[in-house]
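Below are the chains, spelled out letter by letter.
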Amino acid sequence: MTKEIYLTGDRPTGKLHIGHYVGSLKNRVVMQNSGDYDPFVMIADTQAFTDNARDPKKIRDSLTEVALDYLAVGLDPKKTTIFVQSQIKGLFELTSYYMNLVTVARLQRNPTVKAEIQQKSFGESIPAGFFTYPVSQAADITIFRAKKVPVGDDQEPMIEQTRELVRSFNNAYHTDILVEPEGVFPEKGLGRIPGIDGDAKMSKSLGNAIYLSDDADTVAAKVKQMYTDPKHVAVDDPGHVEGNVVFTYLDIFDPDTKQVADLKAQYTHGGLGDMKLKKYLIEVLESELKPIRERRIAFAQDIPAILQMLKDGSDHANEIAEATMKEIRQAIGVNYFAGLK
């Protein structure tokens, strides 16, 4: 039986953080280990260039960092094809075909892109590549005929735009080559983990993230900076759980739900200090992150092996992508020289 393909990935603009882990990485590992899927995971360097074109060193340096994070959380190159986006030449061709099937007005309505443009303060100087990156994402997904796409819930508009492009392509060229993907989203409430400062989203650019590679002391220091309840001054003061980042993290990372409920009741009533609460969270996070950190350190001892893994994965991905592109060229009618030597 042919397994369904899943595809997802990350931009190499720095190390990955626990927001990535909760929002998508854990889902990928579960799906990989289920044996029900043929997984493809992409390091999206081409997409990273859309707003980092003048800093290629940042992207190159981050390539191995992201690969190390993948391996550390449990992605296995024997089960998952881990590849680099720029090495798949068919993606550039397919993106150009898709550009003619989507309007500027439709791209402008994409809420995820609108939010990111505002966050990055582009103003009127939006790079064209950034503005159109949902089209590139559609090519990434469809060139591998991926049926499942594990992503954070903020990426749902991207999946919908991909489905629209699949329908437009298949209708325009009277074919059924391309398949409409489905998003695989984290459990409700886990798709967007807040930053340690209480901001609605953990982000590399906002400097409010806990990274998978952070050592124990760094994690502890960041937890101690966490936003709690500004009105909870004295230990005996009644505190608020809602909007308290420490409790948000405990809800996500602590499997002992009864203990978390007891802490919430104590905090709300008064008698539980912020520092004691944060020390408990540090223990919970360390239990989750220590094995990941140790695996990452081990893999980092052989960077040439990491690069070879990425090359092997890219070579395999290229074979799959080129098979799809042959059918696409035939459907469009640009295979002018088929059959000629």
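Residues numbered from 1 in each chain as written. Predicted model: local features only at pLDDT ≥ 70, side-chain atom pairs only at ≥ 80, totals over all residues. Heavy atoms only, no water.

Quick word on the pairing of strand S1 (residues 4–10)
The buried fraction of S1 amounts to five of the seven residues, a majority that puts the element mostly inside the structure. Pairing geometry for S1 and strand S2 (residues 37–43), over seven bridges, is parallel. Its bridge partner lying in S2, Tyr-6 is registered against Pro-39. (Buried < 20%, exposed > 50% of the residue type's maximum accessible area, 1.4 Å probe, protein only. Helix = DSSP H or I, 4+ residues; strand = E, 2+ residues; numbered from the N terminus. Pairing = 2+ DSSP bridges.)

Describing the nonpolar core
Ile-210, Tyr-249 and Phe-253 are the most contacted members of the largest nonpolar core, which totals 55 residues. For this core, the element with the highest residue contribution is helix H3 (residues 56–73), accounting for eight residues. When sequence neighbours within four positions are dropped, the list of residues in contact with Tyr-249 reads Ile-18, Ile-193, Pro-194, Gly-195, Ile-196, Met-202, Ile-210, Met-226, Asp-254, Leu-281 and Leu-285. (Core = buried A, V, L, I, M, F, W, Y, C linked by side-chain atoms within 4.5 Å. Contact = heavy atoms within 4.5 Å.)

What to know about the environment of Ile-88
Looking at the element boundaries, Ile-88 is found in the loop between strand S3 (81–84) and helix H4 (89–99). Excluding residues within four positions of it along the chain, Ile-88 makes contact with Phe-83, Phe-144, Ser-314, Ala-317, Asn-318 and Ala-321.

Observations concerning the environment of His-316
Summarising the element assignment, His-316 is placed in helix H14 (residues 303–332). The class for His-316 is partly exposed, based on a relative accessible area of 33%. The spatial distance from the C-alpha of His-316 to the C-alpha of Pro-194 is 37 Å, given a sequence separation of 122 residues. With residues up to four places along the chain from it excluded, the contact list for His-316 reads Phe-40 and Thr-81.

Some thoughts on the pattern of salt bridges
Applying the stated rule across the entire model yields 22 salt bridges. Between Glu-182 and Lys-147 there is a salt bridge; the shortest N-O distance is 3.8 Å. Here Glu-182 is found in strand S5 (residues 182–184), whereas its partner Lys-147 is found in the loop between helix H8 (133–143) and strand S4 (148–150), with 35 residues between them in sequence. Glu-322 is the partner of Arg-329 in a salt bridge, and the nearest nitrogen-oxygen pair spans 2.8 Å. With a relative accessible area of 18%, Arg-329 lands in the buried category. One salt-bridge network, held together by shared partners, links Glu-4, Lys-147, Lys-148 and Glu-182. (Salt bridge = Lys/Arg side-chain N within 4 Å of Asp/Glu carboxyl O.)

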